[in-house]
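# Residue-level structure breakdown
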Amino acid sequence: MSAEARDSTANAPATPQRTSGRLRLAVIDRDPGFLQVLANRLDSLGWEHRALSTPATAEALVSMRLNALVLDISVLGPGGWEYLERVCARLPGLAIVICAGPSSVGQRVRGLRLGADAWMTKPCHAEELICVVEAAIRRHRRNEMPELEGAIVVGEITIRPDLYQAYAGGVSLELTAREFEILHLLAQSDRVLRREEIYERVWGYAMAHGDRSVDVFVRKLRQKLRQASPSCSYIHTHFGVGYRFAPELDGGRSAAVATPEDLQPHPEPTFG
């Protein structure tokens, strides 16, 4: 954050403290001036916050019970994009705002498509950044379901919409957000889904001619399902059309599909 921005923050008129409760925010950044100005403003608003100089694991972020994460993508190093995708996949309810130095359009588009809620460019005003974070938190809260959807067992796989993940024997398949959304969509359908339909419902807009994204993600998803459940096939190709989900044991026998009411109590899968 520039000296001018810091001065303007210090001299900005006080605003009433929010009454939305104590929000929890973590910031991954190494700029001491930026962190100090932001911390001062967050303290005045009654937010709980902590600064992290290195990336925290998804499990550590879960334990912090955060509402939002602000990060400078440059702090993450060469693995920054993979880290962002992993966190967005494992914590879909977490508001994520990237606040970094000058960037290209391609970088900003990539970050937003990987799951970030917003991208701000430094130097920026602390109050504006906080407002962007608050807006992202509100969007996530509006999207929260009043009741979490129950687990579905298909063959040897347990699909957990509440955790945005699938498990085999309690072990996570480590699905990305896109992979999970495709799996969940296919598992809920009793018919063949066209590639175009899958793309529109998962990506949110029309598929361009020649785009093979669905095929690429289905191939990765199949590999993870096969690795976790080698005795069962789940996704079947209808050439020229799309994909159908039907768990089948080797030999062509159908595998069972169970709902929560069919299941005996078992330990909760854990992040890992």
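The coordinates are above.
An account of the accompanying structure is given in this report. Given the structure is predicted, the values throughout are model-derived calculations rather than measurements. (Residues numbered from 1 in each chain as written. Predicted model: local features only at pLDDT ≥ 70, side-chain atom pairs only at ≥ 80, totals over all residues. Heavy atoms only, no water.)

## What about the overall build of the protein chain?
- On a plain count of helices and strands, the protein chain comes out with nine helices and 13 strands.
- Per-residue burial over the protein chain gives 45% buried out of 272 residues.
- Considering only intrachain contacts with a sequence separation of at least 6, the fraction spanning at least 24 residues in the protein chain is 59%.
- Just so you have it, the protein chain exposes about 14400 Å², and 52% of that area is on carbon and sulfur atoms. (Helix = DSSP H or I, 4+ residues; strand = E, 2+ residues; numbered from the N terminus. Buried < 20%, exposed > 50% of the residue type's maximum accessible area, 1.4 Å probe, protein only. Contact = heavy atoms within 4.5 Å. Areas by Shrake-Rupley, 256 points an atom, 1.4 Å probe, with all protein chains shown as cover.)

## Thoughts on the nonpolar core
- Among the nonpolar cores identified, the biggest contains 32 residues, and Ile157, Ile182, Ile198 and Ile235 are the most heavily contacted of them.
- Among the elements of the structure, strand 6 (152-154), strand 7 (157-160), strand 8 (165-168), helix 7 (177-187), helix 8 (195-203), helix 9 (213-228), strand 11 (232-238) and strand 12 (242-249) are those that each provide at least two residues to this core.
- With six residues, helix 7 is the largest single contributor of residues to this core.
- The next biggest cluster of nonpolar side chains, apart from the first, holds 25 residues, and it includes Leu69, Leu71, Ile73 and Trp81. (Core = buried A, V, L, I, M, F, W, Y, C linked by side-chain atoms within 4.5 Å.)

## Things to note about the pattern of salt bridges
- Scanning all chains against the criterion turns up 14 salt bridges.
- The salt bridge involving Arg41 is made with Glu127; its shortest N-O contact spans 2.5 Å. Linking Arg41 in helix 2 (residues 32-45) with Glu127 in helix 6 (residues 126-143), this pair joins segments that are 86 residues apart in sequence.
- Residue classification places Arg41 among the buried positions, given a relative accessible area of 15%.
- The partner of Arg194 in a salt bridge is Glu196, with the nearest N and O atoms 3.5 Å apart.
- Looking at Glu196, the relative accessible area reads 35%, which means it is partly exposed. (Salt bridge = Lys/Arg side-chain N within 4 Å of Asp/Glu carboxyl O.)

## What about the sheet that holds strand 4 (residues 95-100)?
- Here five strands make up an open sheet; going across it, the order is 2-1-3-4-5 and the pairing parallel. At either end of the open sheet lies a strand with only one pairing partner, and these are strand 2 (48-52) and strand 5 (118-121). Strand-to-strand twist across the sheet, computed as the mean angle between neighbouring axes with direction ignored, equals 20 degrees.
- Two elements, strand 1 (residues 24-28) and strand 2, share five bridges in a ladder whose sense is parallel. Residue pairing for strand 2: Leu25 is matched across the bridge by His49.
- Of the strands in this sheet, strand 1, strand 3 (68-71), strand 4 and strand 5 are in contact with helix 4 (residues 80-90), which crosses strand 4 at around 160 degrees. (Pairing = 2+ DSSP bridges. Axes fitted to C-alpha atoms, helices over the stretch in contact; angles between N-to-C directions.)

## Looking at the pairing of strand 11
- Bridge analysis of strand 11 against strand 12 gives six bridges, and the strand direction is antiparallel. Its bridge partner being in strand 12, Cys232 is matched across the sheet by Leu249.
- What sits between the antiparallel neighbours strand 11 and strand 12 is a turn of three residues, in which Gly240 has the positive phi angle 80 degrees.

Limitation: the analysis is restricted to geometry and does not speak to function.
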